[in-house]
Amino acid sequence: MTKFSSFQDCTQKYIVKNYFYYYLFKFSAALGEEIFYITFLPFTYWNIDHSVSRRMIIVWSIVMYIGQVSKDILKWPRPLSPPVVKLEMRTNAEYGMPSTHAMAATAISFSFFIATTNQYKYPFELGLVAAFVFSTLVCLSRLYTGMHTVLDVLGGALISAVLLVLLYPAWDTIDHLLLTSPFCPLFSIAVPLVLCYNYPKLDYYSPTRGDTTTILGAAAGATVGFWLNNQYAAPAYTSKSFQAGFPQIISTVLFVLARFFVGISVVLLTRWVMKSVVLGALGYRYQFPLRDLQARRRLEVEVPYKFVTYSSVGFTATVIVPLLHELLGLM
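Residues numbered from 1 in each chain as written. Predicted model: local features only at pLDDT ≥ 70, side-chain atom pairs only at ≥ 80, totals over all residues. Heavy atoms only, no water.

If you check an unreviewed UniProt entry, the chain appears there as Sphingosine-1-phosphate phosphatase 2 from Malurus cyaneus samueli.

1. Notes on the overall build of the chain
In terms of helices and strands, the chain carries 12 helices and 2 strands. Written out in order from the N terminus, the α and β elements of the chain read β-β-α-α-α-α-α-α-α-α-α-α-α-α. Looking at the 331 residues of the chain, the share that counts as buried comes to 47%. Across the chain, every contact between residues at least 6 apart in sequence was considered, and the portion connecting residues at least 24 apart equals 76%. (Helix = DSSP H or I, 4+ residues; strand = E, 2+ residues; numbered from the N terminus. Buried < 20%, exposed > 50% of the residue type's maximum accessible area, 1.4 Å probe, protein only. Contact = heavy atoms within 4.5 Å.)

2. Focus: the packing of aromatic side chains
Applying the stated criterion to the full structure yields 10 aromatic pairs. Ring centres 6.3 Å apart and planes at 65° place the aromatic pair F36 and Y37 in the edge-to-face group. Each member of the pair, F36 together with Y37, is buried. Centroid distance F36 to F134: 5.6 Å. Interplanar angle 40°. Geometry classified as tilted. With a gap of 98 residues between them, F36 in helix α2 (residues 34-47) and F134 in helix α5 (residues 124-144) connect regions that are remote in the sequence. Residue F36 is classed as buried on the basis of its relative accessible area, which comes to 11%. Put simply, the rings of F36, Y37, F40, W60, F112 and F134 pair up and form one aromatic cluster. Here the basic side chain of R285 rests over the ring of Y286, its NZ or CZ set 4.8 Å away from the ring centre. (Phe/Tyr/Trp six-rings, centres within 6.5 Å; stacked < 30°, edge-to-face > 60°. Lys NZ or Arg CZ within 6 Å of the ring centre and 35° of its normal.)

3. Thoughts on the packing of helix α8 (residues 184-197) against helix α12 (residues 299-327)
Interaxial distance between α8 and α12 falls to 10 Å at its minimum, and their mutual angle equals 145°. The two elements α8 and α12 meet at a crossing, and its hand is right-handed. Between α8 and α12, the contacting residues are I189, P192, L193, C196 and Y197 on the first element and L299, V303, P304 and F307 on the second. Of the residues that constitute the contact of α8 with α12, the class distribution is 9 nonpolar, no polar and no charged. (Axes fitted to C-alpha atoms, helices over the stretch in contact; angles between N-to-C directions. Left-handed = near helix turned anticlockwise from the far one by under 90°. Nonpolar A, V, L, I, M, F, W, Y, C, P; charged D, E, K, R; others polar.)

4. With respect to the side chain of S160
Summarising the element assignment, S160 is placed in helix α6 (residues 150-167). Contact partners of S160, with chain neighbours within four places excluded, come to V63, M103, T106 and A107.

5. Description of the pattern of salt bridges
Per the stated rule, a full pass over the model turns up 5 salt bridges. For the salt bridge of D175 with R54, the shortest nitrogen-to-oxygen distance reads 2.6 Å. Pair noted here: D175 is in helix α7 (residues 171-180) and R54 is in helix α3 (residues 50-74), with a separation of 121 residues, a long-range link. There is no split in this pair, since D175 and R54 are both buried. We note a salt bridge from R298 to E300, for which the minimum N-O separation is 2.9 Å. According to the relative accessible area criterion, R298 is partly exposed, its value standing at 31%. Look at E300 and you get partly exposed, because its relative accessible area is 30%. (Salt bridge = Lys/Arg side-chain N within 4 Å of Asp/Glu carboxyl O.)

6. Description of the packing of helix α4 (residues 100-117) against α5
For any two helices packed against each other, the geometry comes down to the angle between their axes and how far apart the axes lie. Where α4 contacts α5, the axes come no closer than 8 Å and their chain directions differ by 170°. It follows that α4 is roughly antiparallel to α5 by the angle criterion. In this structure, α4 uses H101, A102, A105, T106, S109, F110, F113 and T117 to contact α5, whose residues at the interface are F124, G127, L128, A131, F132, F134, S135, V138, C139 and R142. (Parallel < 35°, antiparallel > 145°, perpendicular 65-115°, else oblique.)

7. Section: the environment of Q294
The topology assignment puts Q294 in helix α11 (residues 293-296). Distance in space between the C-alpha atoms of Q294 and Y205 is 9.4 Å, their sequence separation being 89 residues.

8. A closer look at the nonpolar core
Judged by nonpolar contacts, the single largest core of 39 residues is most densely connected at Y37, W46, V59, W60 and V267. Within the residue set of this core, elements represented by two or more residues are α2, α3, α4, α6, α7, α9 (208-231), α10 (249-286) and α12. Of the residues forming this core, the biggest block, 7 residues, is contributed by α3. If we skip the residues at most four places from it in the chain, V267 touches I38, W46, V313, A317 and V321. Core analysis: the next-biggest nonpolar cluster, separate from the first, contains 7 residues, V278, L279, F288 and A295 among them. (Core = buried A, V, L, I, M, F, W, Y, C linked by side-chain atoms within 4.5 Å.)

This is the structure we're talking about:
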């Protein structure tokens, strides 16, 4: 059976002939979006390893900033539609080269693989294949959804791989400085804010500046949280639940799920509250109604709105949620 579907502001219709590929690549495309970042990265921190999470977040934020800025400097258009059928509309206002989905997928999957291969015992080949499959699915999803050319995707993956190679030798040094330097909180907040306020200007509005601010804000809040936890010797999550031969697998799974659902509920609540509070304060300061989309896109509104909101999310995930886990006996 086939069906016709269309998107708002898109007159072109399409027919779904293979539902397996359709849902596979729609799901894979979501692995490069906020819904994945806001769930997987905190999950790693709460349930796997702090050092792995720290490295992934730092690599992810650096790679994504370079990717977003590169788009607006190169200004390469996305594939024309028609003949391409586009299954997404939100990112259509952005330029295409490089694909930041491809960059994020490559950075997250391979940084996770590299960081865990030295800490956990599992087959090297299995980890390598898993990272390759994850990044490949996301890359292919950008072609299937009509959002990128092959060159966009290959360029994004290649840039991300080069950045990983360049950053890897400095991982331990960067991690040590972020945990111990007294200047870390100031640096973590000031540098991203300067980068966001000085983001390349375009002739028309693009969501890339807002997305970049979201990413840098979340990383800034998380980095301050990492530093604060290290300064005050916050209790670390135990790894005993993941040791081979643990007799009660069901209890372990329930324990992990409890951490995740408690944590993600608090994170989402923080995001909702901070969005309302910050946007309300900015609306009062600049005298615009909260539903005025054009006003919310202004530099003086968008940057503080998104930065404060998502830095609060990052801080909550790394400081508030672990304290709540400890209080509930989930450490």
